[in-house]
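Notes for the structure review
Here are the chains, one letter per residue:
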Amino acid sequence: YLREEVPDTSIEALHEVTMGTTIYQLYDGTIKLWGCKKMLWHRMPIDEEKMQMLPASERQFPFAPPPSGCDTISAEAPVSGLGTKLENLVVNSKIDGAELKKNEWIRESAIDMSPYCQSANVSDIDEKEILARKRDCSAKLSKMLQTDGFALVR
């Protein structure tokens with residue numbers, strides 16, 4: 001008799017979320033809520049500002065281009081010691097003696113994947129040079145994945 005009334009008795013079909021709350025994060029690190037923004041059993045609002053892991057002054061997309069007039073880091077600067085976890089970053093991180101802001105360090109620690117995007121028909125770079133750059137890129141990517149278990153790429 002019940003099969004006629006409720007043909008699908010799977011948990012997915014029976015579960016209905018009417019007062020759900022979803023938490024998500026924006027690119028700049030801001031934590032946001034969607035849906036019900038109160039504690040149902042306590043009848044208290046959930047304050048998104050109290051949920052933030054980063055202060056408002058540090059919420060910015062780590063890979064955003066620098067603002068105009070800002071000093072940039074030389075792409076030629078060696079980036080060694082990248083086997084550290086991102087949580088070890090501080091506002092001024094030291095890499096090979098150069099003082100870098102946190103966001104600049106993150107941007108510079110990302111592995112440049114451009115050798116894989118270049119065409120082999122580039123006239124000023126020969127095929128051997130492109131292959132050497134690809135091998136170097138591949139080695140850096142492999143090392144970071146083995147060390148940290150993740151890699152930032154650009």
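If you're wondering where the values come from, they're calculated on a predicted model, not measured in any experiment. (Residues numbered from 1 in each chain as written. Predicted model: local features only at pLDDT ≥ 70, side-chain atom pairs only at ≥ 80, totals over all residues. Heavy atoms only, no water.)

Relative to the elements of secondary structure, G29 occurs in the loop between β1 (21-25) and β2 (31-35). Residue classification places G29 among the buried positions, given a relative accessible area of 17%. Taking the C-alpha atoms as reference points, G29 and F61, 32 residues apart in sequence, are found 7.4 Å from one another. Residues contacting G29, with those up to four places away along its chain left out, are Q52, L54 and R59. (Helix = DSSP H or I, 4+ residues; strand = E, 2+ residues; numbered from the N terminus. Buried < 20%, exposed > 50% of the residue type's maximum accessible area, 1.4 Å probe, protein only. Contact = heavy atoms within 4.5 Å.)

Of note in this structure, R43 is not a glycine but carries a positive phi near 55°. As for its position among the elements, R43 is in the loop between β3 (38-39) and β4 (44-45). Owing to a relative accessible area of 74%, R43 belongs among the exposed residues under this scheme.

The next subject is the confidence of the model for the protein chain. Considering every residue of the protein chain, the mean pLDDT works out to 75; 69% of them sit at 70 or more. Low confidence marks residues 69-99, where pLDDT is under 50. Its contacts with residues over four positions away, or in another chain, come to 47 contacts. (pLDDT = per-residue confidence, 0-100.)

Another point: the pattern of salt bridges. One side chain can pair with another of opposite charge once the charged atoms of both are near each other. On inspection of all chains with the given rule, the structure shows 5 salt bridges. R59 is paired through a salt bridge with E49; the nearest N and O atoms lie 3.0 Å apart. With R59 in the loop between α3 (48-51) and β5 (92-95) and E49 in helix α3, this pair connects stretches of sequence that are 10 residues apart. Put simply, K140 and D136 hold a salt bridge, and the shortest N to O gap is 3.5 Å. Highlighted residues: K140 and D136, both in helix α5 (residues 127-148), separated by 4 residues, approximately one helical turn. Since its relative accessible area comes to 40%, D136 is described here as partly exposed. Through salt bridges that share partners, K32, K37 and E48 make up one connected network. (Salt bridge = Lys/Arg side-chain N within 4 Å of Asp/Glu carboxyl O.)

This brings us to the side chain of E48. Here E48 shows up in helix α3. E48 gets classed as buried once you look at its relative accessible area, which sits at 16%. Among the polar contacts listed, one links the side chain of E48 to the backbone nitrogen of L33, at a separation of 3.1 Å. Look past the residues within four positions of E48 in its chain and what remains in contact with it is I31, K32, L33 and K37. (Polar contact = N/O pair within 3.5 Å; in protein donor to acceptor, adjacent residues only side chain to side chain.)

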